[in-house]
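The primary structure of each chain is shown beneath.
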Amino acid sequence: YITNNSDDTSKIGKKIAEVCDMAVITTKERFEDIKRGAMVGEMSRDKIKLSDNPKNIFNIITTFCKEEDAVLLEGKVPTELIKLLKKDGTNFWG
């Protein structure tokens, strides 16, 4: 879902808060709108992160998430991150 409308993007953020334990947004575009919507949906500020660095994203996931958490990786997921997650042996892919 691609939109240039700030209100639509905020609605997406609110939906993220309903279904995800944490969100890692990998693109700066519309991050503030997504974050605002997620916070309206009662996701705490520390559970929505912005990073495009695969090692940083890996650290966020492995540090803050526990088994059964749902994590949204929005944007293009870097190949390096997928490799790090697979190497870690963590079952992030179902």
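Residues numbered from 1 in each chain as written. Predicted model: local features only at pLDDT ≥ 70, side-chain atom pairs only at ≥ 80, totals over all residues. Heavy atoms only, no water.

> Break down the packing of helix α1 (residues 6-19) against helix α2 (residues 31-40) for me, with residues and values.
Orientation of α1 relative to α2, taken along the N-to-C sense of each, is 50°, at an axis distance of 6 Å. One element, α1, and the other, α2, form an angle in the oblique class. Once α1 is placed against α2, the crossing between them reads as right-handed. Contact with α1, carried on its side by Ser6, Thr9, Ser10, Gly13, Lys14, Ile16 and Ala17, involves Asp33, Ile34, Arg36, Gly37, Ala38 and Val40 of α2 and no other residues of that element. Class assignment of the residues belonging to the contact of α1 with α2 gives a composition of five nonpolar, five polar and three charged. (Axes fitted to C-alpha atoms, helices over the stretch in contact; angles between N-to-C directions. Helix = DSSP H or I, 4+ residues; strand = E, 2+ residues; numbered from the N terminus. Parallel < 35°, antiparallel > 145°, perpendicular 65-115°, else oblique. Left-handed = near helix turned anticlockwise from the far one by under 90°. Contact = heavy atoms within 4.5 Å. Nonpolar A, V, L, I, M, F, W, Y, C, P; charged D, E, K, R; others polar.)

> Talk me through unusual backbone geometry; I want residue IDs and the actual numbers.
With the exception of glycine, most residues fall at negative phi, and the peptide bonds are largely trans. With a phi angle near 70°, Arg30 is a residue other than glycine that sits in the positive phi range. With respect to the helices and strands, the residue Arg30 is situated in the loop between β1 (22-25) and α2. Phi angles above zero are rare outside glycine, and Glu42 is one such case at about 75°. Tracing the backbone through its elements, the reader meets Glu42 in the loop between α2 and β2 (48-50). Overall, the relative accessible area of 73% leaves Glu42 in the exposed class. (Buried < 20%, exposed > 50% of the residue type's maximum accessible area, 1.4 Å probe, protein only.)

> Describe the nonpolar core, with residues and values.
Judged by nonpolar contacts, Ile16, Ala17, Cys20, Ala23, Ile25, Phe31, Ile34, Ala38, Met43 and Ile48 together constitute the single largest core of 10 residues. Elements with a minimum of two residues in this core: α1, β1 and α2. Per-element accounting of this core gives the leading share, three residues, to α2. Membership of the second largest hydrophobic core comes to nine residues, among which are Val24, Ile57, Ile60 and Leu81. (Core = buried A, V, L, I, M, F, W, Y, C linked by side-chain atoms within 4.5 Å.)

> So, the packing of aromatic side chains: which residues are in play, and what are the values?
Scanning the model with the defined rule gives zero aromatic pairs in all. Its guanidinium or amino end placed over the ring of Phe64, Lys49 lies 4.9 Å from that ring's centre, counting from NZ or CZ. (Phe/Tyr/Trp six-rings, centres within 6.5 Å; stacked < 30°, edge-to-face > 60°. Lys NZ or Arg CZ within 6 Å of the ring centre and 35° of its normal.)

> Outline helix α3 (residues 54-64), listing residues and values.
Looking only at α3, the buried set comprises Pro54, Ile57, Phe58, Ile60 and Ile61. The arc that holds every buried residue of α3, seen down its axis, measures 160°, which confines them to one face. For α3, the capping residue at the N-terminal end is Asn53, with a side-chain oxygen 2.9 Å from the backbone nitrogen of Lys55. (Arc of directions from axis to C-beta. Polar contact = N/O pair within 3.5 Å; in protein donor to acceptor, adjacent residues only side chain to side chain.)

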